[in-house]
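What follows is the residue order along each chain.
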Amino acid sequence: MKILVTAKRVEDPESKIKVKPDGSGIVQEGLKYKINPFDEIGVEEGLRLVAKHTGEVVVVSIGGKEVQEQLRHALAMGAHRAVWVNHTGPLDQLGIAALIQKVAEKEKPDLVILGKQSIDDDQNQVGQYLAEFLGWGQATFASKVESLESAEEKNKEPAVKLTADKKAVQVVREVDNGLATLECQLPAVVTTDLRLNQPRYASLPGIMKAKSKPIEELTPEKLGVNVTPQIQVLKLASPPARKAGIKVPDVATLVDKLRNEAKVV
Amino acid sequence: MPIVLIVAEQQPDGHLRKASLNAIGAGKQLADKAGAELHIAILGKDPAKVVDELKTTGAKAVHVGAAAELEHYLAETYAPVLSTLATELKADYVGMASTAQGKDLMPRLAARLKAAMATDITGLNGSGADITFTRPMWAGNVFAEVKLTTPVKVFTVRATEFAAAAGGQAAAEVKTFAPKIEASKTKFVEFKEVKSARPELTEARVVISGGRGTKGDFKEIEALADDLGAAVGASRAVCDAGWVPNDLQVGQTGKVVAPALYIAAGISGAIQHLAGMKSSKTIVAINKDAEAPIFQVADYGIVADLFKVLPELRAELQKLK
Ligand SMILES: Cc1cc2nc3c(=O)[nH]c(=O)nc-3n(C[C@H](O)[C@H](O)[C@H](O)COP(=O)(O)OP(=O)(O)OC[C@H]3O[C@@H](n4cnc5c(N)ncnc54)[C@H](O)[C@@H]3O)c2cc1C
Ligand SMILES: Cc1cc2nc3c(=O)[nH]c(=O)nc-3n(C[C@H](O)[C@H](O)[C@H](O)COP(=O)(O)OP(=O)(O)OC[C@H]3O[C@@H](n4cnc5c(N)ncnc54)[C@H](O)[C@@H]3O)c2cc1C
């Protein structure tokens, strides 16, 4: 199987995000960057699929030269090759999906795996746009039935299951009130939810090897995509702060407060 | 006149998903600001049951597309039908609640309509042709005002931030149409519903959530929930471990709730969890660790073992009855 996996650069989820006083962006000082956690799960799933069925994992990231760090991270986990779409400046979901579409048309993978959302913009759109642009099936919010502490997980079995004829994948999806299972003909687009797998750590030999793995450089011009954004972020603001509450000494006081102050019981 | 089209959702059990009413509420706000007409669309195998409910929520028209192939929701069959409808109506805005279906379907529909999209909007600003959306980023640490510049604009609605449209209004015109079904490369296999006698997490007046501090023992949480007619929620750590079903996860990447009362037991209060419950009216935190970040958002905190506090809380509440 050939699997294309995206790797977006995002702020470390542990970071404290602060809005600049003029609302033009966030304060960059002191921020650490990582691969989007959902994309790391995508890389892991890709690696498990090719470990089981043979094949190749190609990672792609769009952004300035700093996104090579995220590509190297994926390569150190075990991905085989990387594609870097070099572009600085704003990009919206339409632009991102159009670029990935071109990369997919060039690479002809059996599966494209993306994160269900990026933890900075929280949009949850790119995978679905891409599936429509390509005219492929989609299975969003892919999940694992078993617990992430189960034997299956320890054995690193892929949760995305190839059918016997190898022409489709079965995907279990997290939806409201339960789990839905879909079968998508290949090629298809899958987006990952958190409970798909537990990504591996990059080993030291993995990190060493990653240094010599190839990163191909492309640009929106080379791919023939106009990425003029159709979304304008006008300004950012912090949410209103919640008033600090109090600690109560015992349950009787708590119930009294809930009854007489908050009036909720 | 501009047109706002809101897509309603029928649950597998045939009922209207309640969040659709909040999306209609948002649609009405948008229609007022944009000087537009509000329309509703509903697709399914047999949507008749929900049409009656939708008819009186204040829309100009309800567009009903019924077909056997629409029994099980698939983005690939629903998106083309809605795209055709939106194009024929010349809809300027298409919106839906941020349910699992809304999040799966709207971007695919937007791609088809060559539209830009705003996810999980929490507010609407401006008037006439100059409408902008407010939406959360970075797990609700930032709220952005965004403007979509494509002719058609698509959005999903964070249900907790918009009042549900009330019923009992002048009946809308019901327009049925025959959906043209496109072949899908994806097949529905099965849906395993997690059945619960408790109210739905996103609709409950009281939510009691457990975290890793429960060590997987939810008995006390469930007992208190049953006493209060409350829904049960969980942190991600608990869902990952497989202690409770995934769809109980509250947070940035789970469900967003805003009940009158939210009780967090044995939850540390990571920003990703707070993103899903910070808008609750009253928050109670029960945690052994006085430094746990959850206390920074809790109206009432109690530093103690949850296995001691929860039974005491039940006993005290019983006394009130
Ligand atoms: C302050 C600020 C200002 C902004 N200004 C603008 C603006 O003026 N105009 C504008 O159009 N946009 C702007 N943006 C939006 C930004 O460019 C988004 O990154 C972009 O819209 C993509 O959306 P997303 O990553 O949230 O997509 P999601 O749909 O949440 O991402 C899902 C998945 O798509 C993949 N993916 C997304 N991006 C990439 C990538 N770069 N490389 C590889 N894979 C990727 C990943 O797999 C990811 O998990 C701004 C954002 C901020 C925070
Ligand atoms: C990309 C991403 C997305 C995420 N999305 C979400 C999300 O949507 N929702 C979410 O919840 N998390 C999410 N997380 C995870 C989040 O960062 C935290 O890891 C998680 O919320 C922690 O769960 P917890 O509070 O139950 O566990 P812990 O952080 O382990 O906290 C357990 C708490 O229980 C207390 N405790 C222990 N025993 C007792 C006792 N007997 N009585 C009382 N208190 C006790 C401890 O003092 C501690 O504070 C996400 C993380 C990432 C990276």
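Residues numbered from 1 in each chain as written. Chains lettered and ligands numbered in written order. Predicted model: local features only at pLDDT ≥ 70, side-chain atom pairs only at ≥ 80, totals over all residues. Heavy atoms only, no water.

Looking at an unreviewed UniProt entry, one finds chain B named Electron transfer flavoprotein subunit alpha/FixB family protein and attributed to Myxococcus landrumensis. In its Sequence similarities (unreviewed entry) section, the UniProt entry covering chain B states "Belongs to the ETF alpha-subunit/FixB family." (UniProt positions renumbered as here; feature names shortened; annotations may be inferred.)

Per an unreviewed UniProt entry, the recorded name for chain A is Electron transfer flavoprotein subunit beta, and the organism is Myxococcus landrumensis. According to the UniProt record, the Sequence similarities (unreviewed entry) comment for chain A reads "Belongs to the ETF beta-subunit/FixA family."

Engineer: Talk me through the overall build of chain A; I want residue IDs and the actual numbers.
Structural biologist: Summing up its helical and strand segments, chain A has eight helices and 14 strands in all. Summarising its shape, the C-alpha atoms of chain A cover approximately 65 × 45 × 40 Å along the three principal directions. When burial is assessed residue by residue, chain A has 57% of its 265 residues classed as buried. Considering only contacts in chain A between residues 6 or more positions apart, those separated by 24 or more positions represent 72%. Of the roughly 11,500 Å² of accessible surface on chain A, 53% is carried by carbon and sulfur atoms. (Helix = DSSP H or I, 4+ residues; strand = E, 2+ residues; numbered from the N terminus. Buried < 20%, exposed > 50% of the residue type's maximum accessible area, 1.4 Å probe, protein only. Contact = heavy atoms within 4.5 Å. Areas by Shrake-Rupley, 256 points an atom, 1.4 Å probe, with all protein chains shown as cover.)

Engineer: How would you explain the interface of chain B and chain A if you had to name every residue and give the values?
Structural biologist: In this assembly, 87 residues from chain B lie in contact with 78 residues from chain A. Roughly 7,200 Å² of surface becomes buried between chain B and chain A when both sides are summed, with 52% attributable to carbon and sulfur atoms. If you look at where chain B meets chain A, you find nine salt bridges. With a shortest N-O distance of 2.9 Å, Arg-242 of chain A and Asp-299 of chain B are connected by a salt bridge. Counting across the chain B and chain A interface gives 54 residue pairs in polar contact (both at pLDDT 80 or more). (Buried area = accessible area lost by both parts, 1.4 Å probe. Salt bridge = Lys/Arg side-chain N within 4 Å of Asp/Glu carboxyl O. Polar contact = N/O pair within 3.5 Å; in protein donor to acceptor, adjacent residues only side chain to side chain.)

Engineer: So what about the UniProt feature "domain: Electron transfer flavoprotein alpha/beta-subunit N-terminal" (unreviewed entry) in chain B? Which residues, and what values?
Structural biologist: As recorded in UniProt, the feature "domain: Electron transfer flavoprotein alpha/beta-subunit N-terminal" (unreviewed entry) lies at residues 4-192 of chain B. In residues 4-192 of chain B, helix accounts for 28% and strand for 35%; the two terminal C-alpha atoms are 34 Å from one another.

Engineer: Would you mind going over the site of ligand 1 in detail, with residue names and values included?
Structural biologist: Near ligand 1, the surroundings consist of 27 residues, among which Thr-6, Lys-8, Asp-39, Leu-91 and Ile-231 of chain A are the closest. The environment of ligand 1 is shared, with nearby residues belonging to chains A and B. Within the contact set of ligand 1, a nitrogen atom lies 3.0 Å away from a backbone nitrogen or oxygen of Ile-62 of chain A. Backbone polar atom of Gln-123 of chain A to an oxygen atom of ligand 1: 3.3 Å apart, as the coordinates give it. In the complex, 87% of the free accessible area of ligand 1, which totals 960 Å², lies under the protein chains. Within the residue set of the shell around ligand 1, elements represented by two or more residues are β4 (56-63), α3 (93-107), β6 (111-115) and β13 (231-237) of chain A. (Near = heavy atom within 4 Å.)

Engineer: Go over the side chain of Glu-45 of chain A, please, and point to the residues and values.
Structural biologist: Residue and element names in this part refer to chain A. One can find Glu-45 in helix α1 (residues 37-53). Here Glu-45 is buried and forms no salt bridge, its nearest opposite-charge partner Arg-48 lying at an N-O distance of 4.9 Å. From its side chain, Glu-45 meets the backbone nitrogen of Ala-159 in a polar contact 2.6 Å long. Once you skip the residues sitting within four places of it in the chain, Glu-45 turns out to touch Ile-113, Pro-158, Ala-159, Val-160, Leu-196 and Asn-197. (Lys, Arg positive; Asp, Glu negative; His and termini not counted.)

Engineer: Explain the site of ligand 2 to me, and be specific about the residues and the numbers.
Structural biologist: As a structural note, the neighbourhood of ligand 2 is formed by 28 residues, with Ser-235, Gln-249, Thr-253, Ser-268 and Asn-287 of chain B the closest of them. Chains contributing residues to the immediate surroundings of ligand 2 are chains A and B. A distance of 2.8 Å is found between a nitrogen atom of ligand 2 and a backbone nitrogen or oxygen belonging to Val-250 of chain B. The side chain of Asp-305 of chain B places a nitrogen or oxygen atom 3.1 Å from a nitrogen atom of ligand 2. Protein chains bury 82% of the 990 Å² of accessible surface belonging to ligand 2 in isolation. Counting residues per element, the ones that place at least two in the shell around ligand 2 are α6 (236-240), α7 (271-274) and α8 (306-320) of chain B.

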